[in-house]
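Coordinate analysis (summary)
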Amino acid sequence: IAFCDQTQLFGYEVGATQSEVATIIGADDPYVLSVNLRSPRSVFDRIVEVQAANYQRFSPRPFLPDTLEEIVTEEPKNALEELLNRLEAEGVSFEDTCLLCLDAAWKEDLKAAYGNRIRIEYIGKFRGIECPIAIVWAYGRFDEAALVCAYSRATTKCISIFDLAMLYKGYLGKFGEC
């Protein structure tokens, strides 16, 4: 059995196809089934909506509509401030949230402004890690794989903040089409 996740391969990385892995380990061509247990069903469904796959995907989790929130705004920093205020008012703990930057250039700026209120990580260093509430800072330079990876880090809720100008310019890939 081989476990591979080509869906989280960033643009600067080199991967291997399933057939190449099968050849390397001397196995027959695989039939792939991916069962998603981590992500809330609405997050899983959103990823399926924007990312084509040549394998079967399934989530046994029930659909809960309040587990995915996508905010599109002209003022991302204002939206983040309002979101943090709302989460604090709801009693959400610091340990249960993480702000995931898709562009490493934003990490230090956001840490300086909000680091005392929320854990802030660059998605390139957060693969394989999860958090109950993932807040996706979809601003700056990033590829669609990073966005999918960030969405899939959430175990309870995913909240994304998109810049309206990036959406308008078509920089959000398939996330901007749906």
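Residues numbered from 1 in each chain as written. Predicted model: local features only at pLDDT ≥ 70, side-chain atom pairs only at ≥ 80, totals over all residues. Heavy atoms only, no water.

**Quick notes on the packing of aromatic side chains**
- Enumeration according to the criterion identifies three aromatic pairs in this entry.
- Their ring planes at 75° and their centres at 4.9 Å tell us that tryptophan 106 and tyrosine 139 sit as a pair that is edge-to-face. One end of the pair, tryptophan 106, is in the loop between strand 4 (97–101) and helix 4 (107–114); the other, tyrosine 139, is in the loop between strand 6 (131–138) and helix 5 (144–151), and 33 residues separate them in sequence.
- Grouped by ring-pair contacts, the aromatic residues Trp106, Trp137 and Tyr139 constitute a single cluster. (Phe/Tyr/Trp six-rings, centres within 6.5 Å; stacked < 30°, edge-to-face > 60°. Helix = DSSP H or I, 4+ residues; strand = E, 2+ residues; numbered from the N terminus.)

**So, the packing of helix 2 (residues 41–50) against helix 5**
- Running from N to C, helix 2 and helix 5 cross one another at 165°; their axes reach a closest spacing of 10 Å. Between helix 2 and helix 5, the angle is such that the two are roughly antiparallel. Helix-helix and strand crossings are classified by hand; for helix 2 and helix 5 the assignment is left-handed. Taking contact as the criterion, the partners of Val43, Arg46, Ile47 and Val50 in helix 2 are, on helix 5, Glu144, Val148 and Tyr151.
- In the contact of helix 2 with helix 5, the residues fall into five nonpolar, no polar and two charged. (Axes fitted to C-alpha atoms, helices over the stretch in contact; angles between N-to-C directions. Parallel < 35°, antiparallel > 145°, perpendicular 65-115°, else oblique. Left-handed = near helix turned anticlockwise from the far one by under 90°. Contact = heavy atoms within 4.5 Å. Nonpolar A, V, L, I, M, F, W, Y, C, P; charged D, E, K, R; others polar.)

**Regarding a nonpolar patch on the surface**
- Residues Val35, Leu37 and Phe58 make up a contiguous nonpolar surface patch of about 290 Å² in total accessible area.
- Counting through the fold element by element, valine 35 comes out in strand 1 (residues 33–35).
- What makes valine 35 partly exposed here is its relative accessible area of 41%. (Patch = residues over 30% accessible without salt bridge, like charges linked within 9 Å, V, L, I, M, F, W, Y side chains within 5 Å. Areas by Shrake-Rupley, 256 points an atom, 1.4 Å probe, with all protein chains shown as cover. Salt bridge = Lys/Arg side-chain N within 4 Å of Asp/Glu carboxyl O. Buried < 20%, exposed > 50% of the residue type's maximum accessible area, 1.4 Å probe, protein only.)

**Structural notes on the pattern of salt bridges**
- In the structure shown here, the tally under the stated rule is ten salt bridges.
- Ionic pairing is found between arginine 38 and glutamate 130, a salt bridge with its closest N-O pair at 2.9 Å. Placement of arginine 38 in the loop between strand 1 and helix 2 and of glutamate 130 in the loop between strand 5 (119–122) and strand 6 is noted, with a sequence separation of 92 residues between them.
- Judged by its relative accessible area of 44%, glutamate 130 is partly exposed.

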